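One-letter residues, chain by chain:
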Amino acid sequence: MKVAVTGANGFVGSNLCNYLEFKGIDVKRIVRKKVDNGFEIKNIDEFTDWSEALKDVEIVIHCLSIAHETSKKKNLEEYRRVNVALTKNLALQAVAFGVKKFIFISSIKAGCDIDNIEKRLDSCYTKRKIDVYGISKLEAERELKILSNNEKIDVVIIRPCLIYGPGVKANFLNLIKLVNSGIPLPFLGIKNFRSILYVDNLSDFIYFCLKCKKASNKTFLFSDPLTLSTNSLIYKIGFYLNKRIIMFYLPKKFLLFLASLIGSKEKVKKLFDSLTIKSSSTYKYLEYEPKFSTDEGIKKTINWYLNNKNK
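Quick caveat: nothing in here was measured; it's all calculated off a predicted structure.

(A) Broad picture of the overall build of the protein chain. Each helix and strand counted, the protein chain has 11 helices and 13 strands in total. For the protein chain, the C-alpha radius of gyration of 20 Å lies close to 19 Å, the compact-globule estimate for 311 residues. Considered along the principal axes of its C-alpha atoms, the protein chain spans approximately 60 × 45 × 40 Å. Taking all 311 residues of the protein chain together, the buried fraction comes to 51%. Within the protein chain, contacts between residues separated by at least 24 positions form 77% of all contacts whose residues are at least 6 apart in sequence. Surface accessibility of the protein chain: about 15600 Å² in total, with carbon and sulfur atoms responsible for 52%. In the protein chain, 52 positive and 32 negative side-chain charges are present, and the distance between their average locations comes to 7 Å.

(B) View of the pairing of strand 2 (residues 26-31). Most of strand 2 is tucked away, with 5 of its 6 residues classed as buried. Direction of pairing for strand 1 (residues 2-6) relative to strand 2: parallel, over a ladder of 5 bridges. Looking at strand 2, one finds that T6 is bridged to I30. Regarding topology, helix 1 (residues 11-22) serves as the crossover connection from strand 1 to the parallel strand 2, and that connection is right-handed. As defined by bridge partners, strand 2 adjoins strand 3 (residues 38-40) across 3 bridges and the pair is classed as parallel. Among the inter-strand pairings, V31 is bridged to a residue of strand 3, identified as E40.

(C) Structural view of the packing of aromatic side chains. Under the definition given, this model contains 12 aromatic pairs. Judged by centre distance (6.3 Å) and plane angle (40 degrees), the rings of F220 and Y285 are tilted. Here F220 is found in strand 11 (residues 218-222), whereas its partner Y285 is found in helix 10 (residues 280-286), with 65 residues between them in sequence. Take Y285: its relative accessible area is 34%, and that puts it in the partly exposed class. Taken together, a centroid distance of 6.1 Å and an interplanar angle of 90 degrees make the contact between F222 and Y283 edge-to-face. Taken as a pair, F222 in strand 11 and Y283 in helix 10 lie far apart in primary sequence, 61 residues in all. Pair check on accessibility: F222 and Y283 agree, each one buried. Three or more aromatic residues link up through ring pairs in this structure, and these residues are F205, F208, F220, F222, Y283, Y285 and Y288. Stacked on the ring of F39, the Lys or Arg K28 has its end atom at 5.1 Å from the ring centre. In this structure, K214 packs its charged tip against the face of Y285, placed 4.6 Å from the ring centre.

Conventions used here
Residue numbers restart at each chain and count upward from 1, following the sequence in its written direction. In keeping with the predicted nature of the model, local features appear solely for residues at pLDDT of at least 70, side-chain atom pairs appear and are counted solely at 80 or more, and the whole-chain, interface and lining totals rest on all residues. Calculation of side-chain values draws on the structure's entire complement of heavy atoms; hydrogens and water are dropped beforehand. Under the DSSP-based scheme used, a helix requires at least four consecutive residues in state H or I and a strand at least two consecutive residues in state E, with every element numbered from the N terminus. Restricting the calculation to C-alpha atoms gives the radius of gyration, and the globule rule supplies 2.2 Å times the number of residues raised to the power 0.38. Buried means the residue's accessible area, taken with a 1.4 Å probe over protein chains only, is under 20% of the maximum for its type, while exposed means over 50%, and partly exposed covers the values in between. Here, residues are in contact when the closest pair of their heavy atoms is within 4.5 Å. Using a 1.4 Å probe, accessible areas were evaluated by the Shrake-Rupley method; residue-level cover was limited to the displayed protein chains. Two residue types count as positive, namely Lys and Arg, and two as negative, namely Asp and Glu; His and chain ends fall outside the count. Throughout, a charge is located at the NZ atom of Lys, the CZ atom of Arg, the CG atom of Asp or the CD atom of Glu. Only strands joined by at least two bridges in the DSSP assignment are considered to pair. Here, the term right-handed applies to a crossover whose path from the first strand over the helix to the second runs clockwise when the strands point away from the viewer. Note on aromatic pairs: the rings of Phe, Tyr and Trp (six-membered ring only in Trp) are paired at centre separations within 6.5 Å, and the planes decide the class, stacked below 30 degrees, edge-to-face beyond 60, tilted for the rest. A ring has a charge above it when a Lys NZ or an Arg CZ is no more than 6 Å from the ring centre and no more than 35 degrees off the ring normal.

Okay, structure coming up:
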């Protein structure tokens, strides 16, 4: 079995490729910038010719996208060009080359409530309004579903939540750095619940879906089994950093006001938000259990951080 992975030098893609190769899978790493074990395509866009990359490939795992962290810097049309048009072009060419399965790494943001009404949606509980990143991922999902209905290709869509693990960036890495600083944190009043996902749990789930017939043409919400509050996550990070956690109370409105003064209101607001996934339906349907606990994942993430923070 030969598997092509797009975005193979990204956080999710690189961890996934390492995991699949460890499991004995023949992986073609598709990258934009040349690396020793990568298949380079310099210009990846909605017009890319994927013919060389797709030769002899049975399964495509599409990890490449514009990351949600840049959503404020780009408009919806820019997101559509990469997350929708590029995905559709790749999938159409995959069909033409006889690829049997297309696994799309979407996002839980594709399931956020467009009308911003607090409710359960496909076993997802959130108050968040869908953003341009989420809209583009949802539109890409719809294009792939149309394709799978009309063509002989199995499409598996996975909607992960916040992913962490060795090599993590953005908000999770910033939280680690904040805890490691040892400063008192004004988060004692935060009362929320968050689902998170260890990157090796995602990699193992994708590996499982490679051969699982029941996964074909389905959409799966996926997270670690354990749901945490932001404060519980901070205490776990502090434990593995061997840092004493000191928290104090500040009213939410005052904390957001202070954050707005330094341009960090949205980042701080995310600390208060709840976003949980009921992955139990996924586990039950596929008769699957995640291989790693949240504590294992956080411990390995912190070990990576401690070994690399000064590099």
